[in-house]
Amino acid sequence: AKLSPDGELLYEKSVSQIFIENGLRYLIFSHGNIYEKDPIHLNDIQPVNSNTEYWKKGDVFLSLRNQSMIVLYRPSTNEIIWKGTGPFLHQHDIDILDKNKISIFSNNTKNGKDNKDYVHGYNEIIIYDFETNKYSSYLKESLASYDVRTITQGLSEILQNGDLFIEETNYGRTLYFNSDGSLK
């Protein structure tokens, strides 16, 4: 949904409807077990505020946790411009880094035999580069060495100088890493 500054509803569309209208109906109920009641789980919307070769002002990045998928959606034409599944699981928090890169906070969780989610290793900050069509991990060793492992939620912010701020929500920690990976 998009609201005006006065709270007036300007636009509304469900993710399921977006999938259906873009030929992706099969993704709505493609995951069984606990995700049957919430097959998508939209957990972050990152608005696009500038034009680049890869996106336009007014587009939105959508984080779909239970699909382990990021979608770049253009409401003005009702098109999915790009969808990415990659080296991330049950991710949260998408940020636009520059004209061709986004960051993704990957929880790296998977569902166990007891239908509970568990972190597989530790959380990661994944960078996707639209120009090279490649994923990379940011300060991976630092997150591993400080055992950053929020099962759900979580936020990250890569600052202009390369420093990294993390909110490890489930454990009530905030961490601040210098660009070299050392803890501040």
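Coordinates for the structure precede this section.
Presented here is an overview of the structure given in this document. Small disclaimer: the values here were computed from a predicted structure and weren't measured.

**Things to note about the sheet that holds strand β5 (residues 69–74)**
The strand order across the open sheet built from 4 strands is β3-β4-β5-β6, with neighbouring strands paired in antiparallel fashion. Edge strands, defined here as strands with exactly one partner in the open sheet, are β3 (42–47) and β6 (79–84). Averaged over all pairs of adjacent strands, the angle between strand axes in this sheet comes to 20°, irrespective of strand direction. In this sheet, strand β4 (residues 60–64) lies alongside β3 in antiparallel orientation, the contact comprising 5 bridges. Within β4, the position partnered with glutamine 46 by the bridge is phenylalanine 61.

**Remarks on the environment of arginine 25**
Mapped onto the secondary structure, arginine 25 falls in the loop between α1 (15–21) and β3. Spatially, the C-alpha atom of arginine 25 lies 20 Å from that of histidine 90, the residues being 65 residues apart in sequence. Setting aside residues no more than four positions away along its own chain, arginine 25 makes contact with Phe19 and Ile20.

**What to know about the environment of glutamate 53**
Take glutamate 53: it is sitting in the loop between β3 and β4. Through-space distance from the C-alpha of glutamate 53 to that of serine 137 is 23 Å; in sequence the pair is 84 residues apart.

**Focus on the pattern of salt bridges**
Note that side chains of opposite charge can pair when their charged atoms are close. Applying the stated criterion to the full structure yields 8 salt bridges. Lysine 99 is paired through a salt bridge with glutamate 131; the nearest N and O atoms lie 3.8 Å apart. Of this pair, lysine 99 sits in the loop between β7 (92–96) and β8 (101–106) while glutamate 131 sits in the loop between β11 (124–129) and β12 (134–138), placing them 32 residues apart in sequence. Each member of the pair, lysine 99 together with glutamate 131, is exposed. We note a salt bridge from arginine 149 to aspartate 147, for which the minimum N-O separation is 3.8 Å.

The rules behind each value
Residues numbered from 1 in each chain as written. Predicted model: local features only at pLDDT ≥ 70, side-chain atom pairs only at ≥ 80, totals over all residues. Heavy atoms only, no water. Pairing = 2+ DSSP bridges. Helix = DSSP H or I, 4+ residues; strand = E, 2+ residues; numbered from the N terminus. Axes fitted to C-alpha atoms, helices over the stretch in contact; angles between N-to-C directions. Contact = heavy atoms within 4.5 Å. Salt bridge = Lys/Arg side-chain N within 4 Å of Asp/Glu carboxyl O. Buried < 20%, exposed > 50% of the residue type's maximum accessible area, 1.4 Å probe, protein only.

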